[in-house]
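# Topology and contacts: notes
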Amino acid sequence: MIRSIILVTIGVLFTGIMSIIAYVIGFTPNGENKAHKIANIWAKTVLYLSNTKVEVIGKENVLTDAPQVFIANHQSDFDIFIVLAYVPGQFRWIAKKELFRIPIFGPAMRRAGYIEIDRQHHEKALKSLDEAAAKIKEGKSVMTFPEGTRSRDKTIKPFKQGVFYLAVQSGVPITPISIIGSGDI
């Protein structure tokens, strides 16, 4: 219990520090890529500190020379860290709008080029998907959880249609990644 409290406290402080760094570095040339790299380091550090062991299935399916739409199952709070740490290369998240409201963290996500989606309003969600398609056409991959939210009962929920809309709009393949992690936080 005390170990968990200490780890969570360190995690929150570390997240704040890394968010500030990502935000500031986002203003430099090639800032989106640099800010995403900071997120990668943040994720690897959090996984290390929490003693999370990871297995990634499907990494061999990742195209290293072309953009794609990554999809992954979302069954744990650690899935975001695992994806950031273990999916190779640069990608931009499609993330729920609520995350962009978090002080320091939200602006850092914007600097990394991550795309805010309003899951409650269809027209706004389509606009976000069109923004993601534009990023893909610029040569950047996009990552999303096609279920739209975490599955608390470990079952894969039906996929939202947006991931397929995005693939059609951008003309790139969907690359599934299966992530498995276990930690002791």
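Fair warning: this is a prediction, and the values are worked out from it, not measured in the lab.

How each quantity is defined
Residues numbered from 1 in each chain as written. Predicted model: local features only at pLDDT ≥ 70, side-chain atom pairs only at ≥ 80, totals over all residues. Heavy atoms only, no water. Axes fitted to C-alpha atoms, helices over the stretch in contact; angles between N-to-C directions. Helix = DSSP H or I, 4+ residues; strand = E, 2+ residues; numbered from the N terminus. Parallel < 35°, antiparallel > 145°, perpendicular 65-115°, else oblique. Left-handed = near helix turned anticlockwise from the far one by under 90°. Contact = heavy atoms within 4.5 Å. Buried < 20%, exposed > 50% of the residue type's maximum accessible area, 1.4 Å probe, protein only. Arc of directions from axis to C-beta. Core = buried A, V, L, I, M, F, W, Y, C linked by side-chain atoms within 4.5 Å. Polar contact = N/O pair within 3.5 Å; in protein donor to acceptor, adjacent residues only side chain to side chain. Phe/Tyr/Trp six-rings, centres within 6.5 Å; stacked < 30°, edge-to-face > 60°. Lys NZ or Arg CZ within 6 Å of the ring centre and 35° of its normal.

One way to put it is that helix H5 (residues 122-137) packs onto helix H6 (residues 162-170) with a least axis distance of 9 Å and a crossing angle of 40°. In terms of orientation, H5 lies oblique with respect to H6. The hand of the H5/H6 crossing is right-handed. Where H5 abuts H6, its residues Leu126, Leu129, Asp130, Ala132, Ala133, Ile136 and Lys137 lie against Gly162, Tyr165, Leu166, Gln169 and Ser170.

In an α-helix, one full turn covers 3.6 residues, which means residues spaced three or four apart are oriented alike. For H6, the complete set of buried residues consists of Gly162, Val163, Leu166, Ala167 and Ser170. Buried residues of H6, viewed axially, fall in a sector of 140°; they line one side.

With that out of the way, let us pick up the nonpolar core. Within the largest apolar cluster, 32 residues are counted, with the highest numbers of intra-cluster contacts made by Trp42, Val83, Leu84, Phe91, Trp93, Tyr114 and Met143. Elements with a contribution of two residues or more to this core: helix H1 (2-25), helix H2 (31-49), strand E2 (69-72), helix H3 (79-86), strand E3 (91-96) and helix H4 (105-111). A total of 7 residues in this core trace back to one element, the largest contributor, which is H2. One finds Val69, Ile117, Val163 and Leu166 within the second-largest nonpolar core, a separate group that totals 14 residues.

When you line up the elements, Thr175 lands in strand E6 (residues 174-182). Only 2.7 Å separates the side chain of Thr175 from the side chain of Gln68, close enough to count as a polar contact. The residues contacting Thr175, other than those within four sequence positions of it, are Asn61, Val62, Gln68, Val69, Phe70 and Ile71.

This part takes up the environment of Asn33. Of note, Asn33 is situated in helix H2. Under the relative-accessibility criterion, Asn33 is labelled partly exposed at 24%. Taking the C-alpha atoms as reference, Asn33 lies 6.7 Å from Gln90; in sequence the two are 57 residues apart. Contact partners of Asn33, with chain neighbours within four places excluded, come to Gln90 and Arg92.

This next bit is on the packing of aromatic side chains. Applying the stated criterion across every chain yields a total of 7 aromatic pairs. Residues Phe91 and Trp93 carry aromatic rings whose centres are separated by 5.6 Å and whose planes lie at 80° to one another, so their mutual orientation is edge-to-face. Given the relative accessible area of 0%, Phe91 is considered buried. Accessibility expressed as a relative area gives 6% for Trp93, which makes it buried. Through a chain of ring-to-ring contacts, three or more aromatic side chains come together here, namely Trp42, Phe78, Phe81 and Phe105. One Lys or Arg, Arg111, reaches over the ring of Phe27 and ends 3.9 Å from the middle of that ring.

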